[in-house]
Amino acid sequence: MKREELKQLNRQKILAAATDLMTHQGIRATSMKDVSSKADISIVTMYKYFPTKEELTEQVVLDFYKTRFKPIIAMADGSDATFAKIINAFKKEKKECERLLGENIFYEFQRVIKHSKIVYDYLYNTQMSLISTLIKKGRASGEINTPASDDVMLMVASWVFTYLGKMEENLSKQKIEGLQLFLQYGALGRPEDRKKPLG
């Protein structure tokens, strides 16, 4: 086996072992020695790939969310993708991650997101890319006709997306419809909903 292939294989073995341990017993409960033993790679060799537990943890959490977000990214590329569908997909995924990891490990992963620029940037940029895709689709289909630039819409949508992502309860059908109307018509509302001026 070539040296580069061996290096890649070792890295994969380390990450697979770390992912299995951290997603089942938690980040704090997993030591570098545990990972070394499970990966069947000496701890000295392992430190050449990941000099600190923080770097290894960061990569595990990043890879975990990249894998979890693949279906949502594919959904956004589909012809029937809507803003509401993507929001609900993210909310469902958050709950599914919490179910898979368990409450304590899920919050350990959340702490990594808050403190890791690499992981946070990936998640934020993925969300913004999805919203940008939906805006472009809306322009092409005629659902979005506002003279506001795509950048302005992206900014507003990112505020909404961030807020909704923090909500604990599911978004009701009524709230989804209200949000769609607001995003579609703004504060003025639909022409038929506007009150006639006084006088």
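Rules used throughout
- Residues numbered from 1 in each chain as written.
- Predicted model: local features only at pLDDT ≥ 70, side-chain atom pairs only at ≥ 80, totals over all residues.
- Heavy atoms only, no water.
- Helix = DSSP H or I, 4+ residues; strand = E, 2+ residues; numbered from the N terminus.
- Buried < 20%, exposed > 50% of the residue type's maximum accessible area, 1.4 Å probe, protein only.
- Contact = heavy atoms within 4.5 Å.
- Areas by Shrake-Rupley, 256 points an atom, 1.4 Å probe, with all protein chains shown as cover.
- Core = buried A, V, L, I, M, F, W, Y, C linked by side-chain atoms within 4.5 Å.
- Expected span 1.5 Å × (residues − 1).
- Axes fitted to C-alpha atoms, helices over the stretch in contact; angles between N-to-C directions.
- Parallel < 35°, antiparallel > 145°, perpendicular 65-115°, else oblique.
- Nonpolar A, V, L, I, M, F, W, Y, C, P; charged D, E, K, R; others polar.
- Patch = residues over 30% accessible without salt bridge, like charges linked within 9 Å, V, L, I, M, F, W, Y side chains within 5 Å.
- Salt bridge = Lys/Arg side-chain N within 4 Å of Asp/Glu carboxyl O.
- pLDDT = per-residue confidence, 0-100.
- Arc of directions from axis to C-beta.

Let us now look at the overall build of the protein. Tallying secondary structure elements over the protein gives nine helices and zero strands in all. For the protein, the α and β elements follow one another from N to C terminus as α-α-α-α-α-α-α-α-α. Relative to its 199 residues, the protein shows a buried fraction of 35%. If you take every contact in the protein between residues at least 6 apart in sequence, the share linking residues at least 24 apart comes to 66%. Total accessible area computed for the protein in this model is approximately 13100 Å², and 55% of it derives from carbon and sulfur atoms.

Formed by 39 residues in total, the largest nonpolar core has its most connected members in Ile14, Val35, Leu56, Val61, Tyr65 and Phe109. Secondary-structure elements contributing two or more residues to this core are α1 (3-24), α2 (32-39), α3 (43-49), α4 (53-76), α5 (83-101), α6 (103-115) and α7 (117-141). The element that contributes the greatest number of residues to this core is α4, accounting for nine residues. Contacts of Ile14, omitting those with residues within four sequence positions, involve Val35, Ala39, Ile41, Met46, Tyr49, Phe50 and Leu56. Among the nonpolar cores identified, the runner-up in size contains five residues, and Met128, Ile131, Ile135 and Met153 belong to it.

With that settled, the discussion passes to unusual backbone geometry. Positive phi is not limited to glycine here, since Asp40 has a value of about 60 degrees. Mapped onto the secondary structure, Asp40 falls in the loop between α2 and α3.

A few words now on α7. The end-to-end C-alpha separation of α7 is 36 Å, in line with the 36 Å expected for 25 residues at 1.5 Å each. Burial in α7 covers these residues: Val119, Tyr122, Leu123, Thr126, Gln127, Met128, Leu130, Ile131, Leu134, Ile135 and Gly138. Immediately beyond the C-terminal end of α7, within one or two residues, lies Gly142, with a positive phi of roughly 90 degrees.

Another aspect to go through is the packing of α6 against α7. Contact pair α6 / α7: the axes reach a minimum separation of 5 Å and the direction vectors enclose 90 degrees. Considering their axes alone, α6 and α7 lie roughly perpendicular with respect to each other. From α6, Val112, Ile113 and His115 reach across to α7, where they touch Lys117, Val119, Tyr120 and Leu123. Residues that form the contact of α6 with α7 fall into these classes: five nonpolar, one polar and one charged.

So, about a nonpolar patch on the surface. Taken together, the side chains of Ile43, Val44 and Tyr47 define a hydrophobic patch exposed on the protein surface, amounting to about 260 Å² of accessible area. With respect to the secondary-structure elements, Val44 resides in helix α3.

Attention now goes to the pattern of salt bridges. Taken as a whole and assessed by the stated rule, the structure comprises six salt bridges. Salt-bridge contacts for Lys38 lead to Asp20; the nearest nitrogen and oxygen are separated by 3.2 Å. Of the two residues, Lys38 sits in helix α2 while Asp20 sits in helix α1, which places them 18 residues apart along the sequence. The exposure class of Lys38 is partly exposed, given its relative accessible area of 46%. The closest approach of N and O atoms between Asp150 and Arg139, which form a salt bridge, is 2.8 Å.

This paragraph deals with the confidence of the model for the protein. When pLDDT is low, close inspection of the predicted coordinates is not appropriate. Taken over all residues, the pLDDT of the protein has a mean of 85, while the share at 70 or more is 90%. The lowest-confidence element of the protein is helix α9 (residues 173-185), averaging 74 in pLDDT; the highest-confidence one is α2, averaging 96.

Turning our eyes to something else, we now look at α6. Count 3.6 residues to each turn of an α-helix, and residues three or four apart come out pointing the same way. If you check α6, its first and last C-alpha atoms are 19 Å apart, about what 13 residues at 1.5 Å a residue would give, namely 18 Å. Along α6, the positions that sit buried rather than exposed are Ile105, Phe106, Glu108, Phe109, Val112 and Ile113. The buried residues of α6 occupy an angular sector of 155 degrees when projected down its axis, which confines them to one face. Away from the buried face of α6 by more than 90 degrees, exposed residues Glu103, Asn104, Lys114 and His115 are located.

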